[in-house]
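As a plain string of letters, each chain reads:
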Amino acid sequence: MFSFDDYREILRLAKESGRLATYEEALTRDKWVILRHDVEYSVDRAFALSKVEESMDVRSHFFFQWTNNSYNILSRKNRDILTEMHERGQHVGLHFALNGMTDMALIRERIKKEADMLSDMLGFQVKAFSIHRPSPDVLRENIKIDGLLNAYQDDFFVFDEKAGPDSKLRVKYFSDANHIWRYGYPDADAFAAHERIQILTHPFGWTKKGYDNLDNYKTLVNEKYAELIDSIDNECKDFAPFREQFEKKVM
Ligand SMILES: [Zn+2]
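Note that residues are indexed from 1 along each chain, following the sequence as it is written. Only residues with pLDDT of at least 70 get local features here, since the model is predicted, and only at 80 or more are side-chain atom pairs given and counted; chain-wide, interface and lining totals rely on the full set of residues. Note that the side-chain values use all heavy atoms of the structure and ignore hydrogens as well as water.

A. Examining the coordination of the zinc ion more closely. Taken together, the protein donors to the zinc ion comprise E40 (OE), H95 (NE2) and H132 (ND1), at separations of 1.9 to 2.1 Å. Read in sequence order, the donor residues for the zinc ion give the motif E-x54-H-x36-H. Of this pair, H95 sits in strand β3 (residues 91-97) while H132 sits in strand β4 (residues 128-132), placing them 37 residues apart in sequence. Take H95: its relative accessible area is 1%, and that puts it in the buried class. Only protein chains enter the accessibility calculation, which uses a 1.4 Å probe. A residue is then buried if its area is under 20% of the maximum for its type, exposed if over 50%, and partly exposed in between. For H132, a relative accessible area of 22% gives the class partly exposed. Donor atoms (N, O, S) are those found within 2.8 Å of the metal centre, with the cutoff raised to 3.2 Å for Na, K and Ca; water is not part of the atom list, so apparent gaps in a site can occur. Numbering goes from the N terminus for both helices and strands, where a helix is a DSSP run of H or I of at least four residues and a strand is a run of E of at least two.

B. Unusual backbone geometry, seen in detail. Phi is positive for N99, close to 45 degrees, though the residue is something other than glycine. One can find N99 in the loop between β3 and α5 (104-122). Take N99: its relative accessible area is 55%, and that puts it in the exposed class. If you check the backbone angles, H179 has positive phi at about 65 degrees while not being a glycine. Following the sequence through the fold, H179 ends up in the loop between β6 (172-175) and α7 (188-193).

C. Fine view of the pattern of salt bridges. Counted as salt bridges are all cases of a side-chain nitrogen of Lys or Arg within 4 Å of a carboxyl oxygen of Asp or Glu. By the definition in use, this model includes 23 salt bridges. E54 is the salt-bridge partner of R88, the closest N and O atoms lying 3.0 Å from each other. Residue R88 is found in the loop between α4 (76-87) and β3, and its partner E54 is found in helix α3 (residues 43-55); the two are separated by 34 residues along the sequence. Assessed through its relative accessible area of 14%, E54 is described here as buried. For the salt bridge of K77 with E227, the shortest nitrogen-to-oxygen distance reads 3.1 Å. Of this pair, K77 sits in helix α4 while E227 sits in helix α8 (residues 213-235); the two residues are 150 residues apart in sequence, bridging distant segments of the chain. Look at K77 and you get partly exposed, because its relative accessible area is 41%. Among the charged side chains, a salt-bridge network with shared partners connects D44, K77, K224 and E227.

Laid out in structure tokens, this is it:
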């Protein structure tokens, strides 16, 4: 359920619907399908998934964190990837982590600051953000910031609490968090049943082969392990003689 071929099927349905849109475009349309990716752990996996989209002439939104503990968007390698994704027509945005913040004024200020830094660093305008593990309070706050669209603002997302019997139909939200599609699966029936759809996928969960949850984590850890070996090797001349000893996979 998490192979590139499975994702291609979602893309095929999204294209077929004729409703694929960016957040910006969705504001001016009645019917839309928005594809969003929150990037955790691995920029490489996000890059790989972006290429799957491009192979089908689809572009979407990829949101990256500043404060992630597993990747650094300032690294030369990752900055080059983000730049390339932008040049290929993907929409690079901010995945904002609350990191315990609860003060709404502060949160707004930090989102703006991080988005400005990202725009500054990458040399193009970041126009949207999503919030990492948003608290109910943050969803309730319905944060809107000039020049920045919020993936959770009420144009694109209906908070359960506010959703009356009718409003549920306004936006259908799909999310694959932790390999669980807790709001259903975006299949042909779902595309037929809903006029406005936001689909959130986390690129770290998707691979060419499509693993179950455990094997996905194993392959992810192996990739990060190999990345660390390369990083040390590139940095320290004295690592080369030892490198062979590290080549075996962790699992
Ligand atoms: Zn997240």
